[in-house]
Amino acid sequence: MVTLIGSIEKAMKRKCSVLIVLIFAVLSLNAQHEILTDRNGKKMLKGMVSRSDLSEDSAFTAWYHRNLQGYMPDSLAIEALRKNKDLEFIVFMGTWCPDSQFIIPKFFRLLQEAEFPEEQVTMLATDRYKKTSARWAEAFAIRYVPTIIVMVNGKEAGRVVEYGASGKFDRDLAQLIASLN
């Protein structure tokens, strides 16, 4: 009886994880975000965003392109992503946040170098209180941005928060992905 209950609980958790990924997939088809202004009148985004929202909007292009200069992604991270193209990423960031401004352009360069499908990345911009529309940041217990969450089969496999434990987000991401195999 206990084994049966445990099996049912595992099946329900799997279904919930798959449901979360499906919800993000549907949301990404209708990527919408709020446009806010901070106390200094600077533009901020809140909600679902894409790379092009950051790299092409004049409010963000300066920091986006500046933080790509001279960046060479970690070769182990490139290789890990090339070998694991079935992963999904849920990324929380803030357009107002210096750490997000520094890391997120590099994250997209890493994906580009690894030829990793950008469609498998769901990015959510938070406000300064680390809140998103539809309470996604609360559901994932986001306290710091950026937070890069690695999803495997609809379940969180791990996350890299800000610069990671090593101080290099791409190195920590490579180690996390390598630990999944």
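See the structure shown above.
Residues numbered from 1 in each chain as written. Predicted model: local features only at pLDDT ≥ 70, side-chain atom pairs only at ≥ 80, totals over all residues. Heavy atoms only, no water.

Draft legend 1. Geometry of the packing of aromatic side chains. Under the definition given, this model contains seven aromatic pairs. A centroid spacing of 6.3 Å and a plane angle of 50° characterise the contact between tryptophan 63 and tyrosine 64, whose relative ring orientation is tilted. An identical accessibility class is assigned to tryptophan 63 and tyrosine 64; each is buried. Ring geometry for phenylalanine 107 and phenylalanine 108: centres 5.7 Å apart, planes at 65°, overall edge-to-face. Taken as a pair, phenylalanine 107 and phenylalanine 108 share a single burial class, namely buried. Here the aromatic residues Phe89, Phe107, Phe108 and Phe116 are joined through ring pairs into a cluster of three or more. Here the basic side chain of lysine 106 rests over the ring of phenylalanine 102, its NZ or CZ set 3.7 Å away from the ring centre. (Phe/Tyr/Trp six-rings, centres within 6.5 Å; stacked < 30°, edge-to-face > 60°. Buried < 20%, exposed > 50% of the residue type's maximum accessible area, 1.4 Å probe, protein only. Lys NZ or Arg CZ within 6 Å of the ring centre and 35° of its normal.)

That is the geometry; function is a separate question.
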